[in-house]
Amino acid sequence: MGTLKNTVARTAACRRCAAAAALLVLGACATTESPKPSAANANANANANANPYLLVNRLTWGASTSAVEQYKQQGWQNYLRTQLHPASSKLNTEVQAQIDGMTITKVPLVELVQKMEQMRRDADAQKDDEVKKTDQQAYQQELSRLQREASTRHLLRALYSPDQVKEQMTWFWLNHFNVHQGKSNLRAMLGDYEENAIRPHALGNFRKLLGAVATHPAMLRYLDNDQNAVGRINENFARELMELHTLGVDGGYSQRDVQELARVLTGNGVNLTATNAPQKKEHQGWYVRRGLFEFNPGKHDFGDKVLLGQPIKGRGMDALDDALDRLAAHPSTARFVSRKLAVFWLTDEPPPALVGHMAQTFMQSKGDIAATLQVLFNAPEFAGAAGKKFKDPMRYVVSAVRLAYDQKAVLNVGPMLYWLNRMGEPLYGRVTPDGYSMTAGAWDSSGQLATRFEIAKAIGSGSAGLFKPEGPQAQERAAFPQLSNALYFQHMAKTLAPDTARALDQATSPQEWSTFLLASPEMMVR
Amino acid sequence: MQRRHFLAATATLPLAWGSAQLQAAGSGSARLLFVFLRGGYDAASLLVPVSSSFYYESRPDIALAKPSADLASAVSLNADWGLHPALRESLYPLYQRGELAWVPFFGTDDVSRSHFETQDSMEMGQALDGHKDFGSGFLNRLAAVVAGASPMAFTDQLSTIFQGSARVPNTALKSLNKPQVDGRQSDIIASMYRNTAWAQPVREGFAVRNDVMRELASEMDAASRNAVSAKGFELEARRIGKLMKDNYNIGFVDVGGWDTHVGQGAATGYLASRLDELGRGLAALPQELGAAWRDTTVVVVSEFGRTFRQNGNRGTDHGHGSVMWVMGGGVRGGRIAGEQVAVEKATLFQDRDFPVLNEYRAVLGGLMQRQFGLSPAQLAVVFPGAKGKDLGLI
């Protein structure tokens, strides 16, 4: 689907502002958009002069009063620098306490997984069918609880972290390097995968990110590389590593390359036990154990390989580094990753010239993600693309809650998880390795839109369960969405199309007004 | 009987394109409901190989007894096969009327035995080797090639099977919440979209919701007259039947809870109650569809069958070959269709599972050619690289 046909016509917006001014006590209606300059530095000015609401709405999970304030204080260049190179994420103490109390925060991965393994073995060893069933259910429930912790943490950061570009890139890379929570015991590994493989590199170096992902037990299990051994080749990870993670499907690799990369990957697996796999004498020097990750030389194909036309020397686990170096540095990877970034941030069909500039920076900087994004954010195409990107369900839900409650922290993300489920985009819920679609066609079906309007009404009408903590004795805290606020009157109102403004005028209560605003076409795009 | 013999004789003939066209001539109202049993149901408990002593050896605790006067025994279908007694009252009458057939040894060649991988590869309906288009499911491709297709996913999310280029609305019917956005608010919301690219889907979304709520209103009427109200899948199936009768011709719904690793039971127990619920739901479809049942085909599949031998927990583990269900007013049923072998140790796949002799893309392709009069070119879109295998089911 394309863009709004009635996107922010400046004159129309002004006409409507004037008409509505008496009722809505609108601020000045002067247009703040400057003509489109061509040179990069001047473009920075184009962003600097853009409507702060629209700009912040595109650089964050969704504009809120405090996010726009943060931007106004810093100005475009400083804001961009802080977002691309965040020092540390400071969350408010209440939110941080929620995260600090989680099992996934307190218990390191190895300990957590081994504890879960013990629980599973104990359940399986039960003689009585009924007891066994109960124990197995308890094991499954504990896994699901760990998954829910990871989802909760992700949402809390999306809602409240000041480092909004970093949080979005964490989601982006989780989706790019997708794993599914339903496979074996992955639910126990998600928290660590996100926290230690993805998040530290979300704005960092692509090669380091790739290395962290490719040796994380969650990915190795998800794509079956723990089954990949010399003489019993499993190509699954090798194929997706090139098709989905680096080169892209038309990136210039062959079935032969898939087979060769699969050979390189043999032996890179997962060991859930505390005991290292026993090795023959000649292999002992090659064995590598890092947490749950295990390079088992007994399963590795030590022969030389040829990948993308160049040899890879058989040298144990280091051959994987050689292969990842080659994939990460490949021009196809630069193009593929740059285009995907542009699709995520800009439009469903990003301009090839811009993607080319990004890819050039990606290559020259040896995969510096922040530098590549900087090219995108400073490009004239970025300044001119407000309102052109349809929000996926994750962004719709998070942006609506941010707009309605800003920094007033929700006490229960359960309703948000439910909404994401209903719209088919739960965190860690994508079954296939390609990740969720980032284009409108996947998310703007009739059922999807009808569901969004129901969610708009739920959020617009009251606290929607967001302020009722879980647990039997939990007291619901009073809360009411604050949408008709200074941010709206100063910045947002003038971005609304006449049809939207007319609809808002027909609201008969503040709740209904908020519902219409959250259900508006402008709320579906950024 | 005469008709069945004739059909059995022609069943394995390749489908001639001409006959499909003839079939298509009157099939403007053709409907297909696709039911996916997620979790890999135990097909050997549905369609019981009653003539196989190996079956009784392999399942000392969970086998269904050979047909007898005992109502807990399998219902005799033919010399080789019996039906789970939980379906004696709901679906066996349809089988006797010739509106229901089963295809054993059905499934995919994917042997990962992983639920999610097999479900997904089946729903994509693409060749197993080579590049896959993850965002494209075969029901979506069917909706794209059938003229006048009006697809509907009766699920919260658009499952892989319905993802793709054709626009498919979705609405779950399992538990209906009364919509909170009222009629006036809907009109006002729609007015915001009238000059946008989403004008049509927004109107469509509200229209579907209104259809659903009208059906719900009649349910509530019935409830207020103290009629016994349906529950679980039967309730869902009745809602689906009502909607497909008037509004939709390609439907999809999934039913979970079939992964019976532990204590699955036999004539009674967990699996029996799941089959009972499913059977009552499927049996409600002809009632709800009325005259439209004549043009409706319902297909029920699962991602794989389960191990032929019971495991150490009186359950079964992930297996391979399954059994497909085909029912409908125009179905040539009352028989067990497709390629078959005697059920014994030597014929098991990898000495553990039912083999797959009726590959799903071929069988479903043949069925869809009949149901919708697809041309070979259209079939190649729905199941690229597959040859339709016509079992004469319609």
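This one's a predicted model, so the numbers in the text were calculated from it and none came from an experiment. (Residues numbered from 1 in each chain as written. Chains lettered and ligands numbered in written order. Predicted model: local features only at pLDDT ≥ 70, side-chain atom pairs only at ≥ 80, totals over all residues. Heavy atoms only, no water.)

The subject of this paragraph is the sheet that holds strand β3 (residues 75–76) of chain B. Residue and element names in this part refer to chain B. Here three strands make up an open sheet; going across it, the order is β2-β4-β3 and the pairing antiparallel. The open sheet has two edge strands with one neighbour each: β2 (47–49) and β3. For β3 and strand β4 (residues 81–83), the ladder comprises two bridges, and the chain directions are antiparallel. Each bridged residue has a counterpart across the sheet, and for V75 the counterpart in β4 is L83. (Pairing = 2+ DSSP bridges. Helix = DSSP H or I, 4+ residues; strand = E, 2+ residues; numbered from the N terminus.)

We now examine the nonpolar core. Side chains of a nonpolar character, in soluble globular proteins, are inclined to be buried together. Within the largest apolar cluster, 167 residues are counted, with the highest numbers of intra-cluster contacts made by A:M169, A:W173, A:L373 and A:F377. Apart from the residues within four sequence positions on either side, A:F377 is in contact with A:N47, A:L59, A:W76, A:L80, A:L84, A:V165, A:W345 and A:F382. In this structure, B:L83, B:F233, B:A237 and B:L275 belong to the second largest nonpolar core, which totals 65 residues. (Core = buried A, V, L, I, M, F, W, Y, C linked by side-chain atoms within 4.5 Å. Buried < 20%, exposed > 50% of the residue type's maximum accessible area, 1.4 Å probe, protein only. Contact = heavy atoms within 4.5 Å.)

Here we take up the side chain of A:E149. Residue and element names in this part refer to chain A. Looking at where E149 falls in the secondary structure, it is placed in helix α8 (residues 129–160). With relative accessibility at 9%, the residue E149 sits in the buried group. For E149, the side chain forms a polar contact with the main-chain nitrogen of I104, separated by 2.9 Å. (Polar contact = N/O pair within 3.5 Å; in protein donor to acceptor, adjacent residues only side chain to side chain.)

Between chain A and chain B, the residue contacts involve 52 residues of the former and 40 residues of the latter. At the boundary of chain A with chain B, total buried surface from both sides reaches about 4000 Å², with 55% on carbon and sulfur atoms. Three residues stand out in chain A for area buried against chain B, namely A:S446, A:F453 and A:D499, and they jointly supply 14% of the buried area on that side. Seen at the junction of chain A and chain B, the total is five salt bridges. Taken together, the links from chain A to chain B amount to 16 residue pairs in polar contact (both at pLDDT 80 or more). When residues of the side of chain A that touches chain B are traced back to their parent elements, those giving at least two are α8, α13 (236–245), α21 (414–422), α22 (446–461), α24 (498–505), α25 (510–519) and α26 (521–524) of chain A. Per element, the largest residue contribution to the side of chain A that touches chain B is eight residues, and it comes from α22(A). (Buried area = accessible area lost by both parts, 1.4 Å probe. Salt bridge = Lys/Arg side-chain N within 4 Å of Asp/Glu carboxyl O.)

All names here are of chain B. Structurally, the position occupied by E236 is in helix α10 (residues 232–246). Here E236 sits buried without a salt bridge, and the closest side chain of opposite charge, K174, lies 4.9 Å off (N-O distance). E236 has contacts with F154, L173, K174 and V253, leaving out every residue within four places of it along the chain. (Lys, Arg positive; Asp, Glu negative; His and termini not counted.)

All chains considered together, the criterion is met by 49 salt bridges over all chains. Among the ionic pairs, A:R263 bridges to A:D301, the shortest N-O distance being 2.6 Å. One end of the pair, A:R263, is in helix α14 (residues 255–265); the other, A:D301, is in the loop between β3 (293–295) and β4 (305–307), with 38 residues separating them in the sequence. Exposure remark for A:D301: the relative accessible area of 15% places this residue in the buried category. Residues B:R274 and B:E277 are paired through a salt bridge, measuring 2.9 Å at the closest nitrogen-oxygen approach. In this pair, B:R274 and B:E277 both sit in helix α11 (residues 270–289), three residues apart, roughly one turn of the helix. Judged by relative accessible area, which is 22%, B:E277 ranks as partly exposed. Via salt bridges that share partners, B:E234, B:R238, B:K242, B:D276, B:R280 and B:E288 belong to a single interconnected network.

All names here are of chain B. In terms of burial, strand β5 (residues 100–107) is a largely internal element, eight of the eight residues being buried. Of the strand pairs in this sheet, β5 and strand β9 (residues 322–328) are connected by five bridges, and their pairing is antiparallel. By the bridge assignment, W102 is partnered in β9 with W325. Relative to strand β10 (residues 335–336), β5 runs parallel, the two being bridged by two bridges. From the neighbouring strand, A101 faces β10, where its bridge partner is R335. When β5 meets strand β11 (residues 358–359), the two strands line up parallel, connected through two bridges. Across the sheet, the residue bridging to G107 is E359, located in β11.

A separate point is the confidence of the model for chain B. All names here are of chain B. The share of residues in chain B with pLDDT of 70 or more is 92%, and the mean pLDDT across the chain is 89. Confidence over residues 1–27 falls short of pLDDT 50; this stretch has 33 contacts with residues more than four positions distant or in other chains. Listed scores for the predicted complex are pTM 0.82 and ipTM 0.89. (pLDDT = per-residue confidence, 0-100.)

We now examine the domain arrangement of chain B. Residue and element names in this part refer to chain B. Partitioning chain B into domains gives domain 1 (10–175 + 228–382) and domain 2 (179–225). Computed from C-alpha atoms alone, the centre-to-centre distance between domain 1 and domain 2 is 32 Å. On the side of domain 2, nine residues touch domain 1, which itself brings 11 residues to the contact. Summed over both partners, the interface of domain 1 with domain 2 comes to about 860 Å²; 59% of that surface belongs to carbon and sulfur atoms. Seen at the junction of domain 1 and domain 2, the total is zero salt bridges. Remark: the boundary between domain 1 and domain 2 carries zero residue pairs in polar contact (both at pLDDT 80 or more). (Domains from an automatic or database assignment.)

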